Amino acid sequence: MTLINSPSLLDILHRLPHFTSLAQETRQVLANSATRRHFDAGQVIYLEGEPAEAVYILEAGWVKATRMTREGREQALMFLRPVDIFGDIAVLAGTPYPGTVIALEAVQVWSIPAQTLHALIARYPDLAQAAIRHLAQRVLHYVNLVEDLSLRSVEARLAKTLLDNAQLHDGQLSVPRREWTTFEEMAVRLGTVRDVLGRVLRTMEAEKLIRVEKQAIILLDPRGMAERANR
């Protein structure tokens, strides 16, 4: 077996959720099948409706998967950060990509051709099991997305998203704002529009639940935010 020169991909595969239990041989063969690619901020990785020709392993940077409504508004499917995998649903289902994936910042990915992945899954049962577990997680993600969009208010969705992404820094919980974290992108992520999001943010600030800064959103009252998330 030819060993891959870069140990980083083997480490990435070991850290990839649901793929941590892969045998060393399986990880090595999978790594040998992958090609590293770079995408700049704003670059399209693949378009909705295109043939699903590859699966992508996200090594660095953030990407978003969206669909366009008939009115021309983006509907977010998911925002992904390392380490994660995308494009697998369409590849394994044998359908075109169900959404468009765009790099939100400079992104490094490893691509594995669809035919290669199918052949490896047929050969390595541990890889098949890992793929099944990952697909099951995606199903749960979309079940939760439907619930959020249909049953939760924008305020509840915002509170939940902030709590899920908060980090402890200097004794305070905060959500860092990356360069691409504009109000427009936040609105897309929450399934709303900028004006509605702006009103919710102003209300939360007035009630001293949060403080919006240029570099971060500070959670001043996490307990109050948790109450809002559950409404």
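So, a few notes on the structure that sits alongside this text. (Residues numbered from 1 in each chain as written. Predicted model: local features only at pLDDT ≥ 70, side-chain atom pairs only at ≥ 80, totals over all residues. Heavy atoms only, no water.)

**Notes on the sheet that holds strand 4 (residues 63-68)**
The cut-off we apply is this: In this description, strands pair whenever DSSP reports at least two bridges between them. Runs of E in the DSSP output that reach at least two residues are strands. Runs of H or I that reach at least four are helices, and both are numbered from the N terminus. Axis geometry follows a simple rule: fit a line to the C-alpha atoms, using only the stretch in contact for helices, then measure angles between N-to-C directions, giving values from 0 to 180 degrees. The contact criterion used is simple: two residues touch if any of their non-hydrogen atoms lie within 4.5 Å.
Here four strands make up an open sheet; going across it, the order is 2-7-4-5 and the pairing antiparallel. Strand pairing shows two members of the sheet lacking a second neighbour, strand 2 (44-46) and strand 5 (74-80), which therefore form its edges. Taken pair by pair, the neighbouring strands of this sheet meet at an average axis angle of 30°, ignoring direction. Alignment of strand 4 against strand 5, held across six bridges, turns out to be antiparallel. Considered in strand 5, the bridge of V63 is made with L80. Here helix 7 (residues 183-190) sits on the sheet in contact with strand 4 and strand 5, set at roughly 95° to strand 5.

**A closer look at the layout of surface pockets**
Cut-off, in case you're wondering: Think of a 1 Å grid over the protein atoms and nothing else: a 1.4 Å probe that fits but is trapped marks a cavity, an open set flanked by protein within 12 Å on at least five of seven lines marks a pocket, and residues with an atom within 4 Å of a point count as lining. Grid points are joined across faces, edges and corners, and a volume is the space filled by probe spheres set on the points. Gly is put with the polar residues, along with every residue not named as nonpolar or charged; the nonpolar set is Ala, Val, Leu, Ile, Met, Phe, Trp, Tyr, Cys and Pro, and the charged set is Asp, Glu, Lys and Arg.
Put simply, the largest pocket is a space of about 830 Å³. Taken together, 27 residues make up the lining of the largest pocket; nearest its centre are M78, F79, H141, D164 and R189. When contributions to the lining of the largest pocket are tallied by element, the ones reaching two or more residues are strand 5, helix 5 (125-151), helix 6 (154-165) and helix 7. At seven residues, the largest contribution of residues to the lining of the largest pocket is made by helix 5. Tallied by class, residues from the lining of the largest pocket come to twelve nonpolar, seven polar and eight charged. By volume, the second largest pocket is sized at about 280 Å³. Lining the second largest pocket are 17 residues, with N165, V175, P176, T181 and R189 positioned closest to its centre. Take the lining of the second largest pocket: its biggest share by element is four residues, from helix 6. Classifying every residue of the lining of the second largest pocket gives nine nonpolar, four polar and four charged.

**Points about unusual backbone geometry**
Cis geometry is adopted by the peptide bond preceding V83, which originates at P82 and carries an omega value of -10°. With respect to the element layout, V83 can be found in the loop between strand 5 and strand 6 (84-86). Positive phi outside glycine occurs at H18, with the angle close to 75°. Inspection of the secondary structure assignment puts H18 in the loop between helix 1 (7-15) and helix 2 (24-32). Even without being glycine, K208 reaches a positive phi, approximately 60°. Looking at the element boundaries, K208 is found in the loop between helix 8 (194-206) and strand 11 (210-212).

**Description of empty space enclosed by the protein**
Over the atoms rolls a probe the size of a water molecule, and in doing so it shows where empty space is left. Within the structure shown, the criterion is met by two cavities of 30 Å³ or more. In this structure, the largest cavity spans a volume of roughly 170 Å³. Around the largest cavity, the lining is made up of 18 residues, and of these Y46, F86, G87, P98 and Y142 lie nearest the centre. Looking at the lining of the largest cavity, the elements that each hand over two or more residues are strand 4, strand 5, helix 3 (88-93) and helix 5. Looking at the lining of the largest cavity residue by residue, the class counts come to 13 nonpolar, two polar and three charged. Of the pockets and cavities examined, the second largest cavity occupies roughly 50 Å³.

**Remarks on the packing of helix 6 against helix 8**
The criterion, for reference: For this classification, under 35 degrees means roughly parallel, over 145 means roughly antiparallel, 65 to 115 means roughly perpendicular, and everything else is oblique. Helix crossings get a hand from a simple test, with the near helix turned counterclockwise from the far one by less than a right angle marking a left-handed crossing and a clockwise turn marking a right-handed one.
Relative to each other, helix 6 and helix 8 sit at 70°, their axes nearing to 10 Å. Judged by the angle between their axes, helix 6 and helix 8 are roughly perpendicular. The chirality of how helix 6 crosses helix 8 is right-handed. Touching V154, E155, L158 and A159 of helix 6 are V196, L197, V200, L201 and M204, all from helix 8. Considering only residue class, the contact of helix 6 with helix 8 consists of eight nonpolar, no polar and one charged.

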